[in-house]
Amino acid sequence: FKKRAPRAVREIRKFAARAMSTKDIRIDTKLNKFVWSNGVRNVPTRVRVRLSRKRNEDEEAKEKTFTLVQHVPVESFKGLQTET
């Protein structure tokens, strides 16, 4: 149980990389705060995120695009659908 929050952030990165097929994943500060809100050991069970692929402004970047992962606060996780 020692390193749950860092592992949760890693899993979010892994999910975003698989879903959006980009290597450069950037996690929004609000999402990071939500994951760490209960401390390092008691992470929230579920989290709803919004993934958006953006173009890299930096000219000498390795990747042309990056994925921005943002937190979407919801009351309940019942009956949610994928938004496009």
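Residues numbered from 1 in each chain as written. Predicted model: local features only at pLDDT ≥ 70, side-chain atom pairs only at ≥ 80, totals over all residues. Heavy atoms only, no water.

(A) The arrangement of a negative patch on the surface in detail. A cluster of acidic residues, Glu 57, Asp 58, Glu 59 and Glu 60, forms a negative patch at the surface. On the secondary structure map, Glu 60 appears in the loop between strand 2 (49–55) and strand 3 (65–71). (Patch = residues over 30% accessible without salt bridge, like charges linked within 9 Å, V, L, I, M, F, W, Y side chains within 5 Å. Areas by Shrake-Rupley, 256 points an atom, 1.4 Å probe, with all protein chains shown as cover. Salt bridge = Lys/Arg side-chain N within 4 Å of Asp/Glu carboxyl O. Lys, Arg positive; Asp, Glu negative; His and termini not counted. Charge placed at Lys NZ, Arg CZ, Asp CG, Glu CD. Helix = DSSP H or I, 4+ residues; strand = E, 2+ residues; numbered from the N terminus.)

(B) View of the pairing of strand 3. Pairing geometry for strand 1 (residues 25–27) and strand 3, over 3 bridges, is parallel. The residue of strand 3 that forms the bridge with Arg 26 is Leu 68. Both strand 2 and strand 3 contribute to a ladder of 7 bridges, which runs antiparallel. Paired with Val 49 across the strands is His 71, a residue of strand 3. (Pairing = 2+ DSSP bridges.)

(C) Examining the environment of Lys 14 more closely. By the element assignment, Lys 14 lies in helix 1 (residues 4–20). Taking the C-alpha atoms as reference points, Lys 14 and Ala 61, 47 residues apart in sequence, are found 21 Å from one another.

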